[in-house]
Amino acid sequence: MSESSPPNIQALLDEQRTFPPSEQFTRTANVRDRAVYDEAAADPEAFWKAQAEQLEWIEPFHTVLEWNPPHAKWFVGGKLNAAVNCVDRHVRNGRRNKAAIVWEGEPGDRRTLTYFDLQREVNLAANVLKSLGVKRGDRVAMYMPLIPELAIAMLACARIGAIHSVVFGGFSAEALADRINDSQCTLLVTADGGYRRGSLLPLKQIADEALKHTPSIKNVLIVKRDSSDRFPVHVTEGRDHWYHRIVQDVQAWCEPESMDSEDMLYILYTSGTTGKPKGIVHTTGGYLTGTMATTRAVFDLKDDDVYWCTADIGWVTGHSYVVYGPLAAGATLLMYEGAPDWPERDRFWSLIERHGVTIFYTAPTAIRAFMRWGTELPQKHDLSSIRLLGSVGEPINPEAWMWYHEFIGGQRCPIVDTWWQTETGQIMITPLPGLTTTKPGSATHPFPGISVQIRNERGEPVTEGGGLLTISRPWPAMLRGIYGDPERYAATYWSKWKDNAYFAGDGARVDADGCIWLLGRVDDVLNVSGHRIGTMEVESALVDHPAVAEAAVVGRSHDIKGQSITAFVTLKDGQRPSTGLEHELRGHVVKKIGALARPEEIHFAADLPKTRSGKIMRRLLRDIAEGKAIGDTTTLADPNVVARLKSQYENQE
Ligand code: WT7
């Protein structure tokens, strides 16, 4: 069933250990009454209505849900402002001097913004955007390091009703330009650079390359991150503006826009099964409801917690669980700009100790790297402030789960393994820490009010065993579309079966206790270090190189990254394989997409295995890459191709 198998599937299937919540944790947990599951299942709309009522509405909604499949509207008729909900209302309601963002730069510089500080900054930034002509409904691109100004710029957009489109700072100039052009952004917010492993990544310089091909951009804001002036920044007169200068000229207060619950809040691009990334659209009322409710329930967030989600804001985890969820819930959050191994491999543990982090949310790929680096590093630090651990991004193998439990959680902290996606906006399958008995490697149960079904190919529900993960009812933070492509939206997510169930693209198994075990993607999407990369995207980048005739990209199990990228490439007539060319092709992919898509292995092949209708059989290539027995080859046009490839591959290994 599963096209791509994450590591240690067998270990997942054999896992028997269980971890009930401690009485002590349950006693004070935000959610400690099991009845919430049944009540929410009996009337999901009533459940979500109660959650939405914890936001501050300018005008109340009159209808909880309008569902015209595949289009949902949540909290219809309601008006609100996301920035007011994340900032202003906390200033008014007793959190004025509470730290909102505690930030540490990679070089060790520190800043703390209280909710009051954040309010001032967001207002100023909103007025800066307005002074440059940004209006309600305009799209604003962001290409930023992990600094408070990124969250401030997002909230400033929300305040004036502009739509942000954050592009992760690791993407290339071409990838940035494509995303800007797809949604016709009129302004770009960037920075001189951001620190990563001791050096400054020159974001503005990279953006300048992109800006040669983005006619819709009228203005560029440059945030000054580096005070040393070691990195020259080219300022194009009339288009580029230093943020710290232009902010001097604006007023301190900006009246928030009254937004419709269904007004667009942001676009975030993610990979799919074609070469072109999808601009996932999220709206306001449902998204804030879903992210705030899950932040409180899943992370058991209390007012005195110091919450740290290590994700970059450029990914959805950063949108939902660095910015919107935690701020809507009034949290104190830690933000750290740089790498986990800078200057030493204990940077995360040092951060936790020095900032007294109580809730820590990270990815399995990071946990596996920590395991490899050894237990001495966390043991050098006092991690006793931690009371809850989270995991997200890919299936967590039981071994990593146990290590996390023992060496980071000191055997006392619940672990919430949270399954969700860019498209779902909010956590969908997760333990509730005061209620759920966890099993290492299982995301356990759907969040209250979420209807998950495992189905077979025919669409029949599977009550025990493996199948495809589907969501059978709409949920508040669900995507509302793919920007500019309504057909692709309907076709990708809602058309696998006739009954309007959402198809997630993941394989999953339910066990006898009803616990859900995620098994990885079933489509041509890879998960490399918790980041989604489409095989087609990498293939398009490879065939874009003049020497390449055809390319097929598959994922191979990788101890730390989960999956790594293996490419099989055929060359045009007259081209010869060489290590030089291999190097050049890697560089070409990095230039087209970004370093995150760099193929770990490139194999030159005389032919690729194809069906008689000409479709490349990636399944067989994956078997070759993983050194497995080759599956069924009867549909191949030329079965010899596979045998040749396999022996060639084995000789190279
Ligand atoms: C894909 C979504 C949602 C945040 C980060 C990734 C995989 C995510 C888990 C988990 C097993 C997981 C799925 C999903 N995934 N979390 N806890 N267990 N798999 O967001 O880039 O949209 O990727 O990540 O395959 O479909 P994304």
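Here the structure is a predicted model, which is why all the values come from computation and not from measurement. (Residues numbered from 1 in each chain as written. Predicted model: local features only at pLDDT ≥ 70, side-chain atom pairs only at ≥ 80, totals over all residues. Heavy atoms only, no water.)

1. With respect to the nonpolar core
In plain terms, the rule: Put simply, a nonpolar core is a bunch of buried Ala, Val, Leu, Ile, Met, Phe, Trp, Tyr and Cys residues held in one set by side-chain atoms that sit within 4.5 Å of each other. Throughout this description, buried means an accessible area under 20% of the type-specific maximum (1.4 Å probe, protein chains only), exposed means over 50%, and partly exposed covers the range between. Only DSSP runs of H or I with at least four residues qualify as helices, and only runs of E with at least two residues qualify as strands; both kinds are numbered from the N terminus onward.
Counting residues in each nonpolar core, the largest one holds 125 residues, and the members touching the most others are Met142, Phe299 and Tyr324. Element by element, the count of residues in this core is highest for helix α7 (residues 148–160), at 10 residues. Judged by nonpolar contacts, the second largest core, of 43 residues, contains Ala210, Trp242, Val528 and Ala547.

2. Regarding the site of the ligand
Selection rule: Only heavy atoms are used to decide nearness, and a residue is near a molecule or strand if one of them lies within 4 Å of it. Polar contacts, as used here, are pairs of N or O atoms within 3.5 Å; protein pairs need one atom able to donate a hydrogen and one able to accept it. Residues neighboring in sequence count only if both atoms are side-chain atoms. Each accessible area is a Shrake-Rupley result for a 1.4 Å probe, and residues are judged covered by the shown protein chains and nothing else. We call Asp, Glu, Lys and Arg charged. Ala, Val, Leu, Ile, Met, Phe, Trp, Tyr, Cys and Pro are nonpolar, and the rest, Gly among them, are polar.
Taken together, 16 residues are adjacent to the ligand, and Asp417, Thr418, Thr422, Asp506 and Arg532 come closest. Within the side chain of Thr422, an N or O atom sits 2.5 Å from an oxygen atom of the ligand. Contact with the protein chains hides 95% of the accessible area of the ligand, taken as 550 Å² for the molecule alone. Counting residues per element, the ones that place at least two in the shell around the ligand are β20 (415–418) and β25 (516–521). Of the residues in the shell around the ligand, the class split is 5 nonpolar, 6 polar and 5 charged.

3. So, the domain arrangement of the chain
What counts is decided by this rule: Domain delimitation follows an automatic or database domain assignment. Contacts between residues were defined by any pair of non-hydrogen atoms, one from each residue, lying within 4.5 Å. The quantity reported as buried area is the accessible area (1.4 Å probe) lost by two parts once they are put together, taken as the sum for both.
Domain parsing of the chain yields domain 1 (113–257) and domain 2 (525–651). Just the C-alpha atoms count here: the centres of domain 1 and domain 2 sit 37 Å apart. Opposite the 6 residues of domain 1 that make contact, domain 2 presents 8 residues. Across the domain 1 to domain 2 interface the summed buried area is about 510 Å²; carbon plus sulfur atoms make up 46%. It is Phe171, Ser172 and Glu174 that lose the most area in domain 1 upon contact with domain 2, and together they represent 68% of the buried surface on that side.

4. Some points on the packing of aromatic side chains
Formally: We call Phe, Tyr and Trp rings a pair once their centres come within 6.5 Å, taking the six-membered ring for Trp, and we label the pair stacked below 30 degrees between planes, edge-to-face above 60, and tilted otherwise. Whether a charge sits over a ring depends on NZ of Lys or CZ of Arg being within 6 Å of the ring centre and within 35 degrees of the ring normal.
Within this structure, the stated rule accounts for 38 aromatic pairs. Residues Phe19 and Trp401 carry aromatic rings whose centres are separated by 5.0 Å and whose planes lie at 40° to one another, so their mutual orientation is tilted. Of this pair, Phe19 sits in the loop between α1 (9–14) and α2 (23–28) while Trp401 sits in helix α16 (residues 398–408), and the two are 382 residues apart along the sequence. For Trp401, a relative accessible area of 2% puts it in the buried group. A connected cluster of aromatic rings, assembled from ring pairs, spans Trp308, Tyr336, Phe348, Trp349, Phe360, Phe370, Trp373 and Tyr404. Over the ring of Trp253 we find Arg159; its NZ or CZ atom is 4.9 Å from the centre of that ring. Above the ring of Trp497, the side-chain terminus of Arg455 is found at 5.0 Å from the ring centroid.

5. With respect to the packing of helix α14 (residues 364–373) against α16
Quick reminder of the rule: Here an axis means a line fitted to C-alpha atoms, over the contact stretch when the element is a helix, while the angle between two N-to-C directions is reported on a 0 to 180 degree scale. Here roughly perpendicular refers to angles of 65 to 115 degrees, roughly parallel to angles under 35, roughly antiparallel to angles over 145, and oblique to all remaining angles. Should the near helix be turned anticlockwise from the far one by less than a right angle, the crossing is termed left-handed; should it be turned clockwise, right-handed.
Between α14 and α16, the least distance of the axes is 10 Å, while the angle of their chain directions is 70°. Classed by the angle they form, the pair α14 and α16 counts as roughly perpendicular. As for the relative orientation of α14 and α16, their crossing is left-handed in sense. Across from Ile367, Arg368, Phe370 and Met371 in α14, the residues of α16 making contact are Glu399, Ala400, Trp403 and Tyr404. Residues that form the contact of α14 with α16 fall into these classes: 6 nonpolar, no polar and 2 charged.

6. Digging into the environment of Val122
Take Val122: it is sitting in helix α6 (residues 115–131). Residues Val122 and Leu585, spaced 463 residues apart in sequence, show a C-alpha to C-alpha distance of 43 Å. Among residues more than four places away in sequence, those in contact with Val122 are Ile152, Leu155, Ala156 and Arg159.

7. Concerning the sheet that holds β25
We count it as follows: A pair of strands is considered paired only if DSSP assigns at least 2 bridges between the two.
Here we have 4 strands laid out as an open sheet, ordered β21-β22-β24-β25, and antiparallel in their pairing. Each having just a single partner strand, β21 (452–455) and β25 make up the two edges of the open sheet. Neighbour-to-neighbour, the strand axes of the sheet open up by a mean angle of 45°, direction not taken into account. Alignment of strand β22 (residues 465–471) against strand β24 (residues 502–510), held across 6 bridges, turns out to be antiparallel. Opposite Gly465, over in β24, you have Val510 as the bridge partner.

8. Topic: empty space enclosed by the protein
Test applied: Any residue with an atom within 4 Å of a point lines the site, the site being either a cavity, points on a 1 Å grid over the protein atoms alone where a 1.4 Å probe fits but cannot get out, or a pocket, an open set with protein on both sides within 12 Å along at least 5 of 7 lines. Grid points are joined across faces, edges and corners, and a volume is the space filled by probe spheres set on the points.
Evaluation of the coordinates by the stated rule reveals 6 cavities of 30 Å³ or more. Reported here for the largest cavity is a volume of approximately 90 Å³. Every residue lining the largest cavity is listed: Ala125, Leu129, Glu149, Ile152, Ala153, Val189, Leu221, Val223 and Tyr243. Only α6, α7 and β11 (219–223) provide two or more residues apiece to the lining of the largest cavity. In terms of residue count, α7 provides more of the lining of the largest cavity than any other element does, 3 residues in total. Of the residues in the lining of the largest cavity, the class split is 8 nonpolar, no polar and 1 charged.

9. Quick notes on helix α17 (residues 486–493)
As a reminder of what qualifies: As used here, the arc is the angular range of directions from the helix axis to the C-beta atoms.
When α17 is considered as a whole, its buried residues turn out to be Arg488, Tyr489 and Tyr493. Across the axial projection of α17, the buried residues extend over an arc of 105°, all falling on one side. Pointing more than 90 degrees away from the buried face of α17 are the exposed residues Pro486, Glu487 and Ala491. As for α17, its buried residues are in contact with β2 (71–76), β15 (278–283), β23 (481–482) and β24.

10. Remarks on the pattern of salt bridges
Let me state the cut-off plainly: We define a salt bridge as a side-chain nitrogen of Lys or Arg found within 4 Å of a carboxyl oxygen belonging to Asp or Glu.
Taken as a whole and assessed by the stated rule, the structure comprises 49 salt bridges. For Arg225, the salt bridge goes to Asp109, with nearest N and O atoms at 2.9 Å. In this pair, Arg225 is assigned in the loop between β11 and β12 (240–242) and Asp109 in the loop between β4 (99–104) and β5 (110–114), connecting sequence segments 116 residues apart. The class of Asp109 is partly exposed, set by a relative accessible area of 29%. In this structure, Lys204 engages Asp208 in a salt bridge whose closest nitrogen and oxygen atoms are separated by 2.5 Å. Of this pair, Lys204 and Asp208 both sit in helix α9 (residues 203–211), 4 residues apart, which is roughly one turn of the helix. Both residues of the pair, Lys204 and Asp208, belong to the buried class. Through salt bridges with shared partners, one network takes in Glu174, Asp544, Lys591 and Lys592.

11. So, the side chain of Ser271
Tracing the chain through its elements places Ser271 in the loop between β14 (264–270) and β15. One polar contact links Ser271 to Glu537, side chain to side chain, over a distance of 2.5 Å. Residues contacting Ser271, with those up to four places away along its chain left out, are Lys278, Val525, Arg532, Ile533, Gly534 and Glu537.

12. Re the sheet that holds β11
The strand order across the open sheet built from 8 strands is β12-β11-β8-β6-β7-β14-β15-β23, with neighbouring strands paired in mixed fashion. The two strands at the open ends of the sheet, each matched to only one other strand, are β12 and β23. Looking at chain direction, strand β7 (residues 163–166) and β14 are connected through 2 bridges and run parallel. Within the sheet, the bridge partner assigned to Ser165 lies in β14 and is Ile267.

13. Some thoughts on the confidence of the model for the chain
Basically, it comes down to this: For every residue, the predictor assigns a confidence score, pLDDT, that lies between 0 and 100.
Across the chain, the average pLDDT comes to 95, with 98% of residues at or above 70. Mean pLDDT values over the elements of the chain span from 68, in α1, up to 99, in α7. Ignoring residues within four places in sequence, the model shows residues 1–7, a span with pLDDT below 50, making 22 contacts including any to other chains.

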